[in-house]
Amino acid sequence: MKLRMKFKKGRPVMFISHLDMIRTFERSFRRTDLPLAFTQGFNPRSRISFTPALSVGITSSSEYMDVEFEETVSPEDAVARLSAVLPEGIQIIKAETADNKIPLSIVNAATYMVKTALDEENPDELEKAINNLLNREEIIIEKSTKFGAKSVNIAPFIYNMKLLSNTNGTADICMEVSIGQQGSVSPKLIIFELEKLLAKKLEIVSIHREEIFYLNENNKILPL
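What you see is a predicted model, and the numbers here were worked out from it, not measured in a lab. (Residues numbered from 1 in each chain as written. Predicted model: local features only at pLDDT ≥ 70, side-chain atom pairs only at ≥ 80, totals over all residues. Heavy atoms only, no water.)

## Some details on the overall build of the protein
Point 1. Scanning the protein from N- to C-terminus turns up 4 helices and 11 strands.
Point 2. Taken along the three principal axes of its C-alpha coordinates, the protein extends 55 × 40 × 35 Å.
Point 3. A buried classification covers 45% of the 224 residues belonging to the protein.
Point 4. Contacts in the protein between residues far apart in sequence, at least 24 positions, make up 73% of those at least 6 positions apart.
Point 5. Surface exposure of the protein reaches about 12200 Å², of which carbon and sulfur atoms provide 47%.
Point 6. The protein carries 28 positive and 30 negative side-chain charges, and their two centres are separated by 5 Å. (Helix = DSSP H or I, 4+ residues; strand = E, 2+ residues; numbered from the N terminus. Buried < 20%, exposed > 50% of the residue type's maximum accessible area, 1.4 Å probe, protein only. Contact = heavy atoms within 4.5 Å. Areas by Shrake-Rupley, 256 points an atom, 1.4 Å probe, with all protein chains shown as cover. Lys, Arg positive; Asp, Glu negative; His and termini not counted. Charge placed at Lys NZ, Arg CZ, Asp CG, Glu CD.)

## Structural notes on the pattern of salt bridges
Point 1. According to the stated counting rule, one finds 12 salt bridges in the structure shown.
Point 2. Its salt-bridge partner being D77, residue R81 comes within 3.0 Å of it at the nearest N-O pair. Of this pair, R81 and D77 are both found in helix α2 (residues 75-83), 4 residues apart, which corresponds to roughly one turn of the helix.
Point 3. Residue classification places D77 among the partly exposed residues on the basis of a relative accessible area of 30%. (Salt bridge = Lys/Arg side-chain N within 4 Å of Asp/Glu carboxyl O.)

## Here we look at the confidence of the model for the protein
Detailed reading of the predicted coordinates is not advisable wherever pLDDT falls low.
Point 1. Looking at the protein, pLDDT values average 91 and 98% of them are 70 or higher.
Point 2. Across the protein, element-level confidence peaks in strand β1 (residues 2-9) with a mean pLDDT of 97 and bottoms out in strand β6 (residues 140-145) with 80. (pLDDT = per-residue confidence, 0-100.)

## Observations regarding helix α4 (residues 187-198)
Point 1. With 12 residues, α4 extends 16 Å from end C-alpha to end C-alpha; this agrees with the ideal 16 Å at 1.5 Å per step.
Point 2. Here α4 has its buried residues at P187, I190, I191, E193, L194, E195 and L198.
Point 3. Note on α4: the residue one or two positions beyond its end, A199, has a positive phi of about 60 degrees. (Expected span 1.5 Å × (residues − 1).)

## Some remarks on the nonpolar core
Point 1. Counting residues in hydrophobic clusters, the biggest one holds 37 residues, and the most contacted among them are Y112, L126, M161, I173, M175, I190 and L194.
Point 2. Mapped onto this core, the elements with two or more residues apiece are β5 (109-117), α3 (123-135), β8 (158-167), β9 (170-178), α4 and β10 (204-216). (Core = buried A, V, L, I, M, F, W, Y, C linked by side-chain atoms within 4.5 Å.)

## Describing the side chain of D172
Point 1. Looking at the secondary structure, you find D172 in strand β9.
Point 2. Taking the relative accessible area as the measure of exposure, D172 reaches 16% and is therefore buried.
Point 3. Of note is the side chain of D172, whose polar atom sits 2.7 Å from the side chain of K115.
Point 4. Sequence-distant contacts of D172, that is, excluding residues within four places in its chain, are made with M113, V114, K115, K162, L163, L164 and S165. (Polar contact = N/O pair within 3.5 Å; in protein donor to acceptor, adjacent residues only side chain to side chain.)

## Considering the side chain of S178
Point 1. Tracing the chain through its elements places S178 in strand β9.
Point 2. Relative accessible area serves as the criterion here: at 0%, S178 is assigned to the buried category.
Point 3. A polar contact is formed between the side chain of S178 and the side chain of Q182, at a distance of 2.6 Å.
Point 4. Each residue touching S178, except ones within four places of it in the same chain, is listed here: N108, A109, F157, Y159, G183, S184 and V185.

## Examining the packing of α3 against α4
Point 1. Where α3 meets α4, the closest approach of the two axes is 9 Å, and the angle between their N-to-C directions is 115 degrees. Here α3 runs over α4; the crossing is right-handed. Residues E125, L126, A129, I130, N132 and L133 of α3 form the contact with α4, whose participating residues are I190, E193, L194, L197 and L198.
Point 2. For the contact of α3 with α4, a count of residues per class yields 8 nonpolar, 1 polar and 2 charged. (Axes fitted to C-alpha atoms, helices over the stretch in contact; angles between N-to-C directions. Left-handed = near helix turned anticlockwise from the far one by under 90°. Nonpolar A, V, L, I, M, F, W, Y, C, P; charged D, E, K, R; others polar.)

## Overview of the packing of aromatic side chains
Point 1. Under the definition given, this model contains 4 aromatic pairs.
Point 2. Ring geometry for F7 against F50: centres 6.3 Å apart, planes inclined by 90 degrees, an arrangement best described as edge-to-face. A residue pair is termed long-range when its members are at least 10 positions apart, and F7 in strand β1 and F50 in strand β2 (residues 48-50) qualify at 43 residues.
Point 3. Residue classification places F50 among the buried positions, given a relative accessible area of 15%.
Point 4. Aromatic pair F25 and F50: ring centres 5.8 Å apart, planes at 50 degrees, arrangement tilted. Of this pair, F25 sits in helix α1 (residues 18-32) while F50 sits in strand β2, placing them 25 residues apart in sequence. Across the pair, exposure class does not vary: F25 and F50 are buried alike.
Point 5. An aromatic cluster of at least three residues, connected via ring pairs, comprises F7, F25 and F50. (Phe/Tyr/Trp six-rings, centres within 6.5 Å; stacked < 30°, edge-to-face > 60°.)

This is the structure we're talking about:
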């Protein structure tokens, strides 16, 4: 059977890599004695799959994984036993059977909350820069690949962006962007493009991934 789990990645573990997080879950599952399923062959691996990797230094309240078991396991029992051995900063929110759920491989969009320091920046100027960037048809960047530098238009990967608040010297910017194999753009890169329009640096205080989902003709389908 297969369970789908939603979990948080908090500040205590925000600087561990995606690979280290996978290893953490593999070790934790071994400690639970749950009947985890493994691949066949010379080097068997646990049958655990994740949504697109979260960059180092970013927290999240919406990470997902599919876990296959050799036997039937209740979601409640799996959550309780796994939660008891996970390190501080990783919290299982809920779990359900993965039946009739969208494949994690097709998840293609995410919502981020980016907090930046405002200093003496006028919030109106920041909002103007956000609208300017959002309405552009082309935002060309140079991307490094194994074949050399490549020009990429990231404008189609920015679905929505808005300034939510500007209090106590900080601004909260909500970004809805593309992720996955079809193309992606990082919140840090978007902030860099805003800096160009403002002609000054925007210090990033924090980045948090609030949700990931499958976006199809403006319909959002959550993994769980």
